[in-house]
Amino acid sequence: MEIFAKYFTEPLQYEFIQRALLASLMVGVSCGLIGTYIMLRRLSLIGDALAHAVLPGVVIGFMVAGKNPLTLFIGAMAAGLLTSILISFVERNSKIKEDTSIGIIFTGAFALGILLVSQLKQVHIDLSSYLFGDVLGVSDPDIILSSIITLFIVLSVILFYKQLLVTSFDPTLAHIIGISASLVHYFLMTLLSMSIVAGLQSVGVILIIAMLITPPATAFLLTDKLKKLLMLSCVLGVISSVLGLYLSYHFNFASGASIVLVSVFFFLLTLVFSPKEGLLIKKLKRNRNSRINLNEDIIKFINKEAAEINNSNVFEILSIRLGISESKIKSSVKELMRNGILTMTNGAFELTGKGKQEADRLVRSHRLWETYITQKQIEDREFIHEDAEKFEHILTDDIIEEIDEELGRPETDPHGSPIPKARKDN
Amino acid sequence: MTAVSIKNLTVTYHKKPAVKGISLDIDEGAIIGIVGPNGAGKSTLIKAILGLLPADTGELKIFGIKNTDSLKRVSYIPQKEQFDWDFPIDVSEVVMMGRYPHISFFGRPSGRDYEIVNSMLDKVEMKNYAHTQIRNLSGGQQQRIFVARALAQESDLYFLDEPFVGVDAKTETAVFNLIKELKSQNKTILIVHHDLGKVREYFDKLILINQTLIAYGNTDDVFTPEIIQKTYGGRLTILQKVEQLMKD
């Protein structure tokens, strides 16, 4: 435990680590907020493009005033905004589509930046720290700049919540109620350029797009509410940055790569294990449902037709009827026998008392449902047209009871078949 | 009063003329259907009136004022395909957007805005779904919430683009009753419609277009076999084909 604590506290004695932590925190927040809108508006490509395209702006800023965060900031902002305007310009004034336009403009701008760097022999720009980030080299002025940017972004997202929401979800409505979608777009591009500047030091241009979209994408798998999504993106961004930073410190990893990999790790973890949308949960649910369905189909089958089957080939018949492999049917039958629903007497399968109850419940559920949709003439829901057989598997006892009550406890279904009565479990 | 006034409107869309030389005046307090074959420019006409597509020529007025300066009195329900149904938003938030024109620039919804949202959800029988994410709704329910949003805007002029496509019969009836209620409050409702079956039942007036205006008038006067034939018949499509040949 002490070693574990030391793992986290030991680096904190260094001032450059404190600064790096602060910088990571701010990258997490600013990229998490802006990235959420970038993801929702499907602007990830533009985000990546802007990150690259700020390079010439940074270099020109450098040429004008040396390593002064303010001129670098202004240069980067101008380059970012100009790039986003150029991208839309090409798209609007030719038949070139947006993705192609992005590809042309951002590589052009990036190449211009590299060319300028190569001409700047007298001024030293560390291109690699710009490309890949160097969070341990963050200076005090960098921190001040990042703080201002982050504060500005947080305030903007709060103050312009309505405008950002309506232009993201329904630009047409925005137009009608007098909110200019293109003004909001360029405002967002400005905020995006700012968050890129804030993230340059810690993750670098190549990887900054990951900080913009990975935490929001992870959060999107966990929630359906915009406000929660914004907050969760920040939290995930901050955690990834801080953890990545520690890994970078202890194992001497490149800081940007380390931060990004942590956030991708969280994404994959969520993709598989998310309680609502996770692949694992979905798979388990599907397996469970199909096993229950199969068990219930077998119960129905044995209940209805047991007398007619020659038991020597019961598995084969079931397999053909239900379209399921024999081995699956065997394992289901075993499960049903274990649970005291099926039994074997004189070499023939039979339902036990409990099994008969279960069969009655299924028939009752099926016939009540049919009666319900026929009587109420419900047809306005698409799911109604699914096979009625499916419903008997999913309707819970509570819903069946509710339907029975609403129908006035009918004796027969629309085909005249008797509806079994509910059995009170003791 | 004239709700919408269109003079000599021509709109090109993807370099092809979509509507040509349309002029008409729509009086308020009526339900007007816009019908015509696919590609006749029905949606284009609406979008041009709303300033969503630029007009090449023509003058557009809403309640006597330039169209784009009068949009705050307008509600528009676009076709459903236009939305990202995975968007992290629930039913009540969608309807609340209808209140945005009544809320100040930096302002937050007031208690009255929430009241209106609730009562509109009640009107379209969607109150139980207020906090449901919109992907989890049926086609009819999705249409209802956009109707509720349009109502929450409390506008005077309503545009609906194919509101009954992919919608169950019960929703269609419910929505149409709300539209009739709007008309009784002297509101004007324009509906792009493709199903000729219910035209007589639904619309006071009818705009029949196939790029050009074929006819406009009281439904009983213009919904005649000859005019329908003229709108949907082969004559214009042959002309279009010839026009295309000329271009090639």
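The text that follows walks through the structure, step by step, so that each part is easy to find. (Residues numbered from 1 in each chain as written. Chains lettered and ligands numbered in written order. Predicted model: local features only at pLDDT ≥ 70, side-chain atom pairs only at ≥ 80, totals over all residues. Heavy atoms only, no water.)

1. Regarding the overall build of chain B
Under the convention used in this document: Only runs of H or I of at least four residues qualify as helices and only runs of E of at least two qualify as strands under DSSP, and these elements are numbered from the N terminus. Computation of the radius of gyration draws on C-alpha atoms, with the globule rule given as 2.2 Å multiplied by the number of residues to the power 0.38. Three exposure classes are used, based on accessible area relative to the maximum for each residue type with a 1.4 Å probe and protein chains only: buried under 20%, partly exposed in between, and exposed over 50%. Residues scored as charged are limited to Lys and Arg (positive) and Asp and Glu (negative), so that His and the chain ends carry no count. For charged residues, the charge sits on one atom: NZ in Lys, CZ in Arg, CG in Asp, CD in Glu.
A tally of helices and strands in chain B yields nine helices and 10 strands. For 248 residues, the compact-globule formula gives about 18 Å, and the C-alpha radius of gyration of chain B, at 19 Å, lands near that figure. Across the 248 residues of chain B, 53% fall into the buried class. The average position of the 30 basic charges and that of the 30 acidic charges among the side chains of chain B differ by 3 Å.

2. Overview of the overall build of chain A
Just so we agree on the cut-off: In this analysis, two residues are considered to be in contact whenever any of their non-hydrogen atoms come within 4.5 Å of each other. All accessibility values rest on the Shrake-Rupley procedure with a 1.4 Å probe; residue burial counts only the protein chains present in the view.
What chain A contains, in helices and strands, is 19 helices and two strands. Counting only C-alpha atoms, chain A reaches 95 × 60 × 35 Å along its principal axes. A buried classification covers 47% of the 426 residues belonging to chain A. In chain A, of all internal contacts separated by at least 6 residues, the share reaching a separation of at least 24 is 71%. If you sum the accessible surface of chain A, you get close to 21,800 Å²; carbon and sulfur atoms cover 62% of it. Here chain A holds 39 positive side-chain charges and 42 negative ones, and the gap between their average locations is 2 Å.

3. Some words on the pattern of salt bridges
To be explicit about the condition: Each salt bridge in this description consists of a side-chain nitrogen of Lys or Arg and a carboxyl oxygen of Asp or Glu lying within 4 Å of one another.
All told, the structure shown has 24 salt bridges over all chains when counted by the stated rule. Residue Arg135 of chain B is joined to Asp224 of chain A by a salt bridge in which the shortest nitrogen-to-oxygen separation is 3.7 Å. Separated into two different chains, Arg135 of chain B in the loop between helix H3 (111–123) and helix H4 (139–152) and Asp224 of chain A in the loop between helix H11 (205–220) and helix H12 (226–251) make up a pair that spans both. The network of salt bridges with common partners includes Arg99, Arg112, Asp113 and Glu154 of chain B.

4. So, the interface of chain A and chain B
Spelled out, the test is: Summed over both partners, the accessible area (1.4 Å probe) lost when two parts come together is defined as the buried area.
Opposite the 26 residues of chain A that make contact, chain B presents 39 residues. Carbon and sulfur atoms make up 61% of the area that chain A and chain B hide from each other, which totals about 3,100 Å². Of all residues in chain A, Lys162, Phe169 and Ile176 of chain A bury the most surface against chain B, accounting for 26% of the area lost on that side. The closest approach of N and O atoms between Arg42 of chain A and Asp84 of chain B, which form a salt bridge, is 3.7 Å. Of all elements in the fold, only helix H7 (140–159), helix H8 (161–169), helix H9 (171–176) and H12 of chain A reach the threshold of two or more residues within the side of chain A that touches chain B. No other element matches the seven residues that H8 of chain A contributes to the side of chain A that touches chain B.

5. A few points about helix H19 (residues 397–406) of chain A
Within an α-helix, residues lying three or four positions from one another point in the same direction, as the helix has 3.6 residues per turn. All names here are of chain A. Quick note on the threshold: Our arc is simply the arc of the directions from the helix axis toward the C-beta atoms.
Along H19, the residues that are buried comprise Ile400, Ile403 and Asp404. All buried residues of H19 fall inside an arc of 100 degrees around its axis, so they share one side. Residues of H19 that are exposed and point more than 90 degrees away from the buried face comprise Asp398, Glu402 and Glu405. After H19 finishes, the residue Gly408 shows a positive phi value of roughly 75 degrees.

6. Digging into helix H1 (residues 42–49) of chain B
Residues and elements named next belong to chain B. Here H1 lies mainly inside the structure; seven of its eight residues are buried. Here H1 has its buried residues at Lys42, Ser43, Thr44, Leu45, Ile46, Ala48 and Ile49. Gly51, located one to two residues past H1, shows a positive phi value of around 75 degrees.

7. Focus: the sheet that holds strand S3 (residues 31–35) of chain B
All names here are of chain B. Using the following cut-off: We call two strands paired when DSSP finds no fewer than two bridges between them. For every element, the axis is a line fit to its C-alpha atoms; helices are fit only across the contacting stretch, and the angle between N-to-C directions ranges from 0 to 180 degrees.
What the six strands build is an open sheet, ordered S6-S7-S8-S3-S9-S10; its pairing is mixed. Edge positions in the sheet fall to strand S6 (74–77) and strand S10 (212–218), since each of these pairs with one other strand and no more. Going from strand to strand, the sheet's axes swing by 15 degrees on average, the running direction of each strand aside. Note: strand S7 (residues 157–161) against strand S8 (residues 188–192), five bridges, orientation parallel. In the strand pairing of S8, Leu157 is matched with Thr188.

8. Focus: empty space enclosed by the protein
All names here are of chain B. Defined as follows: A pocket, in this scheme, is an open set of points on a 1 Å grid over the protein atoms alone with protein on both sides within 12 Å along at least 5 of 7 lines, while a cavity is a set where a 1.4 Å probe fits but cannot get out; residues line either one if an atom lies within 4 Å of a point. Grid points are joined across faces, edges and corners, and a volume is the space filled by probe spheres set on the points. The nonpolar class holds Ala, Val, Leu, Ile, Met, Phe, Trp, Tyr, Cys and Pro. Asp, Glu, Lys and Arg form the charged class, and all remaining residues, Gly among them, are polar.
Tallied over the entire structure, the rule returns four cavities of 30 Å³ or more. A volume near 70 Å³ is recorded for the largest cavity. For the largest cavity, the full set of lining residues is Ile77, Val147, Ala150, Leu151, Tyr158, Leu160, Leu178, Ile179, Leu182 and Ile189. At the level of elements, H4, S7 and helix H5 (169–184) are the ones that each hand at least two residues to the lining of the largest cavity. Its residues placed into classes, the lining of the largest cavity shows 10 nonpolar, no polar and no charged.

9. Notes on the layout of surface pockets
Computed from the structure, the largest pocket encloses a volume of approximately 1,600 Å³. Taken together, 34 residues line the largest pocket, and the ones lying closest to its centre are Glu91, Arg92, Pro171, Thr172 and Ala181 of chain A. At the level of secondary structure, the elements contributing two or more residues to the lining of the largest pocket comprise helix H4 (69–93), H8, H9 and helix H10 (181–203) of chain A together with strand S1 (2–13) of chain B. Top element by residues in the lining of the largest pocket is H10 of chain A. It accounts for four residues. Residues belonging to the lining of the largest pocket are distributed by class as follows: 15 nonpolar, 11 polar and eight charged.

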